[in-house]
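These are the residues of each chain, in order.
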Amino acid sequence: MKEMKFSPSQIHGEVRVPSSKSQAHRALICAALAGDSIVRGVDLSNDINATVSALRAFGAELEYDESALTFTVTRSVGSEFDAGTVNCGESGSTLRFMIPLAAALGISATFIGGGLLPKRTTMLYKPLLEANGAKLEYPDNGDFLPLKVSGKLHAGSYSLRGDISSQFVTGLLISLSLVDGDSDVTLTTRLESKPYADMTVDVLHRFGANIDERDSGYIIHSGKPSPRDFTVEGDCSNAAFFAVAAAINGDVKLSGINNNTLQGDYKLFEIIKSFGANVDIEPDGIRVRSGELHAHDIDAADIPDLVPALSVMAACSDGTTRIYNASRLRLKECDRITATVDLLTSLGAKASETDDGIIIIGQKQLSGGKIRAYNDHRMAMSAVAATAACTGDVVVDDINCTNKSYPGFVKDWSSLL
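Residues numbered from 1 in each chain as written. Predicted model: local features only at pLDDT ≥ 70, side-chain atom pairs only at ≥ 80, totals over all residues. Heavy atoms only, no water.

**Student:** Summarise the overall build of the protein chain; cite the residues concerned and give the values.
**Tutor:** Helix and strand counts for the protein chain come out as 12 helices and 23 strands. Considered along the principal axes of its C-alpha atoms, the protein chain spans approximately 60 × 45 × 40 Å. The burial tally for the protein chain puts 58% of its 417 residues in the buried class. Of the contacts formed within the protein chain by residues at least 6 apart in sequence, a portion of 74% connects residues at least 24 apart. Carbon and sulfur atoms provide 45% of the accessible area of the protein chain, an area that totals close to 15,100 Å². Treating the 39 positive side-chain charges of the protein chain as one cloud and the 52 negative ones as another, the clouds have centres 1 Å apart. (Helix = DSSP H or I, 4+ residues; strand = E, 2+ residues; numbered from the N terminus. Buried < 20%, exposed > 50% of the residue type's maximum accessible area, 1.4 Å probe, protein only. Contact = heavy atoms within 4.5 Å. Areas by Shrake-Rupley, 256 points an atom, 1.4 Å probe, with all protein chains shown as cover. Lys, Arg positive; Asp, Glu negative; His and termini not counted. Charge placed at Lys NZ, Arg CZ, Asp CG, Glu CD.)

Written out as C-alpha cells, the structure is:
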C-alpha cells in the first residue's frame, strides 16, 4: 500500500487516454487464437498482464514492444494439454473469459486469483459447460477459486441469465466460435452492460468470426479467428476521472477517444454535458470544460464502471441526483455502492445508499479528507478527481491499486496541474 496526498486542483491541458482495457482483452485473445497477428496501442496494466499470462499458459507466444505499445503474436494457443495453474490476478474479465476458452480448446487448467477474485462468482458456467462436455471442480470452502477445468466443450444450446455480468456472454461468444458446429446462446433476462457484448461481437467479426445476433441472444458459427493487424482505441472509463474533474473545475482535452466507439462508457460525455459541463467533440479527441452543474438522475444499468466518478460530479452539482440500476456494483473489486458513499461522505458530501444505487445531495464544495480506496482502482482515481471540488487535501490510502487498470494515472494527472 502506498498512501499519497493530492492537493485541491484545477486541471488543464491535454492527456492521451490509455487504451481500452475491455477492447484490449478481447483483441489479445482473438489474436492469440488466430496467431500471426499484431495488436497495437496496448497500455499494460495488471489486468492486461493477467490475460497475456493466461494466453501464454495456453501455449501462445506474444512479444511486447513497450516503445510502440504493440503486441506481436508469433504462435497461437495450443489444444488438448494440461496448462497447470493459471493465475488471473484480480481480473474478473481474464477469469470469466478463460474458463470457457480452456474448455473449448480441451485444455486442462486450474485457475487461481488474488484480492476478492475468489469471491466473484463463476458458477453460472458450471451447468452450461458441464452439459456440453466440460467439467468444473470448485473448492468446498465457499470460494470460487481455485477452479479446475477439464474436458472438451462441444457445440450446443446455452441458456443463461444476462443480468449478472455480460462477461459470461463474452466468454461464450469467444469460445463457441472455436468448437465444431454451430451453437446458440439464449438470454433468459435482459442483458446488462450490453455494450460490452456488442464490443465482443465487433472484435470477433474483425478477426473473421461469424456471429449472428437475434432478439433472444446469438448464433455462433464455427470458425477459428483469422490473423489481423488490430489497433486498440482509447478507454472511455479511464477518461471519466479527467472528464469529471474538468467538468467541476478545469479545461482538458482527451485524445485517443474514438467518437464512433461501441464502448458503452462513451455515454460519459453525454451525461456530463447533461449536468452542465461544456463538451466539444473534436476530430482528434474530446474537450471538457467546467460549467454550472445541475443534478440529473443516472441509469447505471449499462455503465456501472462510471458510477464512482460520476458520483463525485453529482456531489458538486446543484440538486439531488439518484443513481439506480447499479446493484451489480456490489460484486466488483469491492462493494462499490458502499465504497462510493464512504468516499463522498469522507469528503464532506451528502450521500446515502439504496438497494440498487446512491442518492446524492449536491453542494458547491467538498472539504477534502482521508479516503479508503478499498483496494479498488476506480475508487482511488475517483478520490483524486474529487480534488477539483475540495478546499483541503485528499489523502488516498493506497494509490498503487490504480495499477490494476491505469499504472500511469498519477503521472498523467500531475501533467495537468
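Back to the text.
**Student:** Just give me the short version of the nonpolar core, but keep the residues and values in it.
**Tutor:** Counting residues in hydrophobic clusters, the biggest one holds 75 residues, and the most contacted among them are Leu254, Phe269, Ile272 and Leu310. Residue contributions to this core peak at 11 residues, all from helix H7 (residues 236-249). Counting residues in each nonpolar core, the second largest holds 74 residues, with Ala32, Val42, Met98 and Leu124 among its members. (Core = buried A, V, L, I, M, F, W, Y, C linked by side-chain atoms within 4.5 Å.)

**Student:** Lay out helix H8 (residues 267-275) in plain terms, naming residues and giving numbers.
**Tutor:** Those residues of H8 lying buried are Leu268, Phe269, Ile271, Ile272 and Phe275. All buried residues of H8 project into a common sector of 160 degrees when viewed along the axis, lining one side. Facing away from the buried surface of H8 by more than 90 degrees, the exposed residues are Glu270 and Lys273. The positive-phi residue at the C-terminal boundary of H8 is glycine 276, with phi of around 120 degrees. (Arc of directions from axis to C-beta.)

**Student:** I'd like to hear about the packing of helix H9 (residues 307-315) against helix H11 (residues 377-385), residue by residue, with values.
**Tutor:** It is the contact of H9 with H11, at a shortest axis distance of 8 Å, that shows an interaxial angle of 25 degrees. Judged on the interaxial angle alone, H11 and H9 are roughly parallel. Crossing handedness for the pair H9 and H11: right-handed. Contacts between H9 and H11 pair Pro308, Ala309 and Val312 from the former with Arg378, Met379, Ser382 and Ala385 from the latter. When the residues that make up the contact of H9 with H11 are grouped by side-chain class, the tally is five nonpolar, one polar and one charged. (Axes fitted to C-alpha atoms, helices over the stretch in contact; angles between N-to-C directions. Parallel < 35°, antiparallel > 145°, perpendicular 65-115°, else oblique. Left-handed = near helix turned anticlockwise from the far one by under 90°. Nonpolar A, V, L, I, M, F, W, Y, C, P; charged D, E, K, R; others polar.)

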